[in-house]
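Structural overview for review
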Amino acid sequence: MFDVFVAFRFLREGRAQTLLILTGIILGIAVQVFLNSLIVGLQSSLVARTVGSAPHITGTIPDLEPSAVLPPDPETRTISRVITNEGSVKPIRDGDTIVAQLEKLGFFTVILPVARGSGFILQGQKTLPVSLRGSDLEGADRLYDIRRRLTAGRYEVGADGVLIGKDLAAKLRISVGSTIRLSTPGGDDDLFRVNGLFDLENQAVNETWILMSLPRVQSLFRLDRGLTEIELQAEDVFTAERKAADLRAGFPSVRWRSWEETNASLLTALQSQSSSSYMIQLFVLLSVTLGIASVLAVSVVQKSRQIGILKAVGTLTRHVGRIFVIQGAVLGFLGSLLGVAAGWGLILMFQAARSADPSSFPISVSFGAAALSVGVATAAGTLAAFLPSRRASRLNPIEVIRNG
Amino acid sequence: MAELIALRDIVKVYGTTVQTTALRGISLSMPAGEYTALIGRSGSGKSTLLHIIGTLDRPTSGTMRVDGRDVFALDDDGLAAFRSRTIGFVFQFHHLLPEFTAFENVLLPFRAAHGRATAAAEKRARNLLERVGVSDRMNNKSTNLSGGQQQRVAIARALINEPRLILADEPTGNLDTESSEAIKALLREINRENGTTFLIVTHDRHVAAGCDRVIEIDDGGILRDFRPADGTPDETWAALAPCECRERRSGDLRPAPTRP
């Protein structure tokens, strides 16, 4: 109690010095919080853009290696044909069973059975390659957020209806209500009615995707009610790779790929960004600690008279030491608390300044990160007080009393 | 009177390679309630003796018993606790803490001993400040007090834990004559009213002459130990003269009675 009382009084009466070091801590922690939130915000926005409206794990049939019927041989002038399997669509074996088992796991928030094949859209003189995707529309909406991004028409396909991307529609000068002809590499073709246009904010998707019902794609490609893909989404995007590994072990007949695998370079970039940000935060914290340590070291010298008197009037040695430890902890705690507030203010200003910019992304201070900053800074302040406090407790009161 | 302090063969040696002997075997007994002056030239060892009696310093050898208890057998924390209960200090340079008000300074030894100030302790602090005549300044920071006022606050602080012994190191050394007289009278009054034992280090012959007993230290030993009341005022005055004067006038100096 007594040590707390004296520690607070020393801090209060050392106004200029206390304010100076507090300002230092506040600035340091504000920068640390701002930087951390910026990086976290940037990264989660990047991740959200990459996988927010995309499957986290996709199961497909294993790639069939292109194979030649006869190896080409220039000597014998053999004419060889290479079968690339392109265009040929094979279903996942036991796709429905796998989907049923995945549903029982309860881990995935979206499980979307998909039948997909490459085909062509024929319109007047033009023939364009497209990707025909058949799936349950509700499930597709949960995964790709399509309904909200429909630019025209209705979100329904029925038996012969399709949804196409707005860029494809623009290229072919077609609109809602138009009839289009789609053909498969196998030579089957049929007529479809355009029910709606979507804009999934990705040109390749907007130019090639054609959404229709699952049975329609299955029959068009003669899949016999089979699936070509199973698309999955989980609660936490960063568990995808781990889960994919489990799936590879559990369902080896399917090729499972996580978004982390397909976006390895993005992840590497995020990781190096994180480590450089941690580096900066570490050094900020280090300089905050050294700042507190040096201020307390000076304070012990300045207050040696007071320490001597306190000891002479019966203050225990350990209480004398604690007076300085408490000061370090209070400086660290108060400074980091205000620093978090200042960092938060910086973020609000940054957001306001960038609100007009369409590429801006949301930044928020997580309560956990803020609490961690305060906790670490308080611990650092306490640690910084260690040497000054030892010096104070070793001070000999006689030196002070004798010399006035 | 019951014996409060008993020193036996107190030796203090400073330094390890170059040794300086500050006290060479001092034995001394102080009854409770006695008002004693400790005099001697600079470097005679009187401050060292005061610090040892005040338990701020440990002797190289020898024992001190307070109320029959061997205090230097205690560890440092034990000594600190003992000190805060038993001894009050009044220093030459007042030594108030500038961060605290007069009232808070008075309560410091109580807080050091008990953690927080009780209502009773606060009441006692107010009474003490009134007793020493600075109750109107009790909420002033100590830097806003005159030298005399600071010393009065320091005396109140020395009394807060109701110590048996007050050690005063040149309590009037830094004050003008008027304040000096007032402080001298105040200390004596406290001694008479509370029966508190006093040991006052002083260079001031006026202070020493008003004490029950005068102990003169020279070269680390007790040179003389006498009661001013036993001699005539002139004799006492002469006995309290600085040594160099005494040597010149040694003809008219009757040796002061030395107590066993």
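Residues numbered from 1 in each chain as written. Chains lettered and ligands numbered in written order. Predicted model: local features only at pLDDT ≥ 70, side-chain atom pairs only at ≥ 80, totals over all residues.

1. Thoughts on the overall build of chain A
The secondary structure content of chain A amounts to 15 helices and twelve strands. In summary, chain A has a C-alpha radius of gyration of 33 Å against a globular reference of 22 Å for 404 residues, an excess of more than 25%. Along the longest, intermediate and shortest principal axes, the C-alpha atoms of chain A span 110 × 50 × 50 Å. In chain A, which comprises 404 residues, the proportion classed as buried is 38%. Across chain A, the fraction of contacts at a sequence separation of at least 24, relative to all contacts at a separation of at least 6, is 79%. (Helix = DSSP H or I, 4+ residues; strand = E, 2+ residues; numbered from the N terminus. Rg over C-alpha atoms; globule rule 2.2 N^0.38 Å. Buried ≥ 20, exposed ≤ 12 C-beta atoms within 10 Å, placed from the backbone. Contact = placed C-beta atoms within 7 Å.)

2. Digging into the overall build of chain B
For chain B, the helix and strand inventory stands at nine helices and ten strands. A compact globule built from 260 residues would reach a C-alpha radius of gyration of about 18 Å, and chain B, at 19 Å, matches this within 12%. Along the longest, intermediate and shortest principal axes, the C-alpha atoms of chain B span 55 × 40 × 40 Å. Residues counted as buried form 46% of the 260 residues belonging to chain B. Counting only contacts in chain B whose residues sit at least 6 apart along the sequence, the fraction spanning at least 24 positions is 69%.

3. Observations concerning the environment of A7 of chain A
All names here are of chain A. Relative to the helices and strands, A7 is located in helix 1 (residues 2–13). Each C-alpha atom, one on A7 and one on A293, is 15 Å from the other, the two residues being 286 residues apart in sequence. Not counting residues within four places of it along the chain, the set of residues in contact with A7 comprises I323, I326, Q327 and V330.

4. What to know about the packing of helix 2 (residues 15–52) of chain A against helix 12 (residues 317–354) of chain A
Residue and element names in this part refer to chain A. Remark: helix 2 packs on helix 12, axes separated minimally by 7 Å, with the N-to-C direction vectors making an angle of 45°. The angle between helix 2 and helix 12 falls in the class oblique. Considering only the axes of helix 2 and helix 12, their crossing is right-handed. Here the contact of helix 2 with helix 12 is composed, by residue class, of 16 nonpolar, seven polar and no charged. (Axes fitted to C-alpha atoms, helices over the stretch in contact; angles between N-to-C directions. Parallel < 35°, antiparallel > 145°, perpendicular 65-115°, else oblique. Left-handed = near helix turned anticlockwise from the far one by under 90°. Nonpolar A, V, L, I, M, F, W, Y, C, P; charged D, E, K, R; others polar.)

5. Observations regarding the sheet that holds strand 10 (residues 221–226) of chain B
Residue and element names in this part refer to chain B. With mixed pairing, the six strands of this open sheet are ordered in space as 6-7-8-3-9-10. Since the sheet does not close on itself, it has two edges, and those belong to strand 6 (87–90) and strand 10, each with one partner. Strand-to-strand twist of the sheet, defined as the mean angle between neighbouring strand axes without regard to direction, takes the value 20°. Across four bridges, the pairing between strand 3 (residues 35–39) and strand 9 (residues 213–218) is parallel. Across the sheet, A37 pairs through a bridge with V214, a residue of strand 9. (Pairing = 2+ DSSP bridges.)

6. With respect to the packing of helix 2 (residues 76–86) of chain B against helix 3 (residues 102–114) of chain B
If you want to describe how two helices pack, look at the angle between their axes and the distance between the axes. All names here are of chain B. Between helix 2 and helix 3, the shortest axis-to-axis distance is 10 Å and the interhelical angle comes to 140°. Judged by the inter-axis angle, helix 2 sits oblique to helix 3. Read as a crossing pair, helix 2 and helix 3 show a hand that is left-handed. Listed contacts from helix 3 to A81, S84 and R85 of helix 2 are P109, A112 and A113. When grouped by side-chain class, the residues that make up the contact of helix 2 with helix 3 number four nonpolar, one polar and one charged.

7. Some remarks on the sheet that holds strand 4 (residues 61–66) of chain B
Residue and element names in this part refer to chain B. Read across the sheet, four strands follow the order 2-1-4-5 without closing on themselves; strand pairing throughout is antiparallel. Of all strands in the sheet, those with a lone pairing partner are strand 2 (20–31) and strand 5 (69–70), marking the two edges. Alignment of strand 1 (residues 3–14) against strand 4, held across five bridges, turns out to be antiparallel. Bridge pairing in strand 4 links R8 to T63.

8. As for the interface of chain A and chain B
Interfaces are often sized by the accessible area lost when the parts come together. In this complex, chain A contributes 20 residues to the contact, which on the side of chain B involves 25 residues. Residue assignment for the side of chain A that touches chain B shows that the elements contributing at least two residues are helix 1, helix 11 (304–312) and helix 15 (397–403) of chain A. If you tally residues by element for the side of chain A that touches chain B, the top one is helix 1 of chain A, at five residues. Looking at the side of chain A that touches chain B residue by residue, the class counts come to twelve nonpolar, five polar and three charged.

9. Description of the nonpolar core
L38, V106, L129, A156, L167 and I200 of chain B are the most contacted members of the largest nonpolar core, which totals 112 residues. A total of nine residues in this core trace back to one element, the largest contributor, which is helix 12 of chain A. Sequence-distant contacts of I200 of chain B, defined by excluding residues within four places in its chain, comprise T36, A37, L38, A168, P171, V207 and C211 of chain B. (Core = buried A, V, L, I, M, F, W, Y, C linked by C-beta atoms within 7 Å.)

10. Quick word on the environment of G139 of chain A
Residues and elements named next belong to chain A. One can find G139 in helix 4 (residues 137–144). Overall, G139 belongs to the partly exposed group, with 17 C-beta atoms counted inside 10 Å. Each C-alpha atom, one on G139 and one on T315, is 72 Å from the other, the two residues being 176 residues apart in sequence.

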